[in-house]
Amino acid sequence: MGVSSIFPSKAANKIAVIDYGMGNLHSVAKALEFIAARDGLRVQVDVTADPEIIGAADRVIFPGVGAIRDCMAAIRRLNVDAIVEDAARSKPVLAICVGMQTLLEFSEENNGVECLGLVKGQVQYFGENHLDTQGNRLKVPHMGWNCVRQTTSHPLWKDIPDDSRFYFVHGYYVMPDDEKSVAGVTEYGIEFASALQQGNIFAVQFHPEKSHIAGLALFRNFMHWDGGC
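Residues numbered from 1 in each chain as written. Predicted model: local features only at pLDDT ≥ 70, side-chain atom pairs only at ≥ 80, totals over all residues. Heavy atoms only, no water.

Trainee: Tell me about helix H3 (residues 68–77), and please be specific about residues and values.
Mentor: The periodicity of an α-helix, 3.6 residues per turn, causes residues three or four positions apart to be oriented the same way. All of the buried residues along H3 are Ile 68, Cys 71, Met 72, Ala 74 and Ile 75. All buried residues of H3 fall inside an arc of 160° around its axis, so they share one side. On its buried face, H3 is in contact with strand E3 (59–62), helix H4 (80–90), helix H5 (98–101), strand E5 (106–107) and strand E6 (113–114). With its phi angle positive at about 65°, Asn 79 sits one or two positions after the end of H3. (Buried < 20%, exposed > 50% of the residue type's maximum accessible area, 1.4 Å probe, protein only. Helix = DSSP H or I, 4+ residues; strand = E, 2+ residues; numbered from the N terminus. Arc of directions from axis to C-beta. Contact = heavy atoms within 4.5 Å.)

What follows is the structure in C-alpha cells.
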C-alpha cells in the first residue's frame, strides 16, 4: 500500500486508486499525475486500500490485472468488495480491465468464480479456437491495440473520436444482461462489450494508462465527471 500525492491535501479533486495488490497502480497514478500537471489541475492521487481515504475521495479508480480467482480472493480478504460497493453508491467510479470483470456476477475463468454482482451478467472466455470472420485463428489472450466503437454519448467519451484505438490485454470478456449498459464495443472475432456504464460506474476492458492520447483523454474526462450521463 502506498500514497502518491501531487498537490496538497486541500486539493479540489481527490482521486483514490484502490490498491489490493492486483492492479497496474504505478502506471495509472503516473498517468493521472501527468494530466493534472499538464492541465494545471489541483488533484491529489492516493494509491491506497484505506477505507477512510477512499471514502473521502471525490472519485475512485478500481484497476485489476491477473487471474480473476486471485483478484476476488484479494478483494474479499481486504474487504475491498464493501469499499467498491460503497463508492459505487456515492461517487464516480472507473473500473479497468479485471476490475471491470469483477463488477459482473460470475466469471468462467478458473473453473468459475463468483464476482461482485454490481452489474448483471457474466464473464466468458474467447476460447482456445477463436476465429476471425475469415476463419483464421486469433491469438488468445487478445493483446495489443484495437478500436472501440462508442455506443453512447457518455461524458467519458468527450473529445475522443469514435473508433479510437486503445490497448487491450485479456482472454475473457464481459457479457452484461442489459444491452443499455454497454458504452463501447470492440471486434475481435466477435463483437464484445469493451466499455460499460451504469449510473456513476464506468468500466473499460482496455488499459487507459497504456493507451496514449485516447487513454489520457479518458482519464481527463474522468477527473471532471460528476457521475451523471
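Trainee: Mind laying out the pattern of salt bridges, listing which residues take part and the relevant values?
Mentor: If you walk through the whole model with that rule in mind, you get eight salt bridges. Across the salt bridge formed by Lys 120 and Glu 105, the nearest N and O atoms sit 3.6 Å from each other. With Lys 120 in the loop between E6 and strand E7 (121–125) and Glu 105 in the loop between H5 and E5, this residue pair connects regions lying 15 residues apart in the sequence. Look at Glu 105 and you get partly exposed, because its relative accessible area is 27%. Note that Arg 220 and Asp 159 form a salt bridge whose closest N and O atoms lie 3.6 Å from each other. Taken as a pair, Arg 220 in helix H6 (residues 212–224) and Asp 159 in the loop between strand E8 (142–150) and strand E9 (164–170) lie far apart in primary sequence, 61 residues in all. (Salt bridge = Lys/Arg side-chain N within 4 Å of Asp/Glu carboxyl O.)

Trainee: Quick one: what's the story with the packing of aromatic side chains, residue by residue and with numbers?
Mentor: All chains considered together, the criterion is met by 13 aromatic pairs. An angle of 75° between the planes, with centres 5.7 Å apart, marks the rings of Phe 168 and Phe 206 as edge-to-face. In this pair, Phe 168 is assigned in strand E9 and Phe 206 in the loop between strand E13 (201–204) and H6, connecting sequence segments 38 residues apart. Neither residue differs from the other here; Phe 168 and Phe 206 are each classed as buried. (Phe/Tyr/Trp six-rings, centres within 6.5 Å; stacked < 30°, edge-to-face > 60°.)

Trainee: With reference to specific residues and values, describe the pairing of strand E10 (residues 172–176).
Mentor: Within E10, four of the five residues are buried, which leaves it mostly tucked inside the rest of the structure. Here E7 runs beside E10; their pairing, made up of five bridges, is antiparallel. Looking at the pairing, Tyr 125 lines up with Tyr 172 of E10. (Pairing = 2+ DSSP bridges.)

Trainee: Describe the nonpolar core, with residues and values.
Mentor: Among the nonpolar cores identified, the biggest contains 78 residues, and Ile 61, Phe 62, Leu 103, Trp 157 and Phe 202 are the most heavily contacted of them. Those residues within four positions of Leu 103 in sequence are excluded, and the remaining contacts are Phe 62, Val 84, Ala 95, Leu 116, Gly 117, Leu 118, Val 119, Ile 201 and Ala 203. (Core = buried A, V, L, I, M, F, W, Y, C linked by side-chain atoms within 4.5 Å.)

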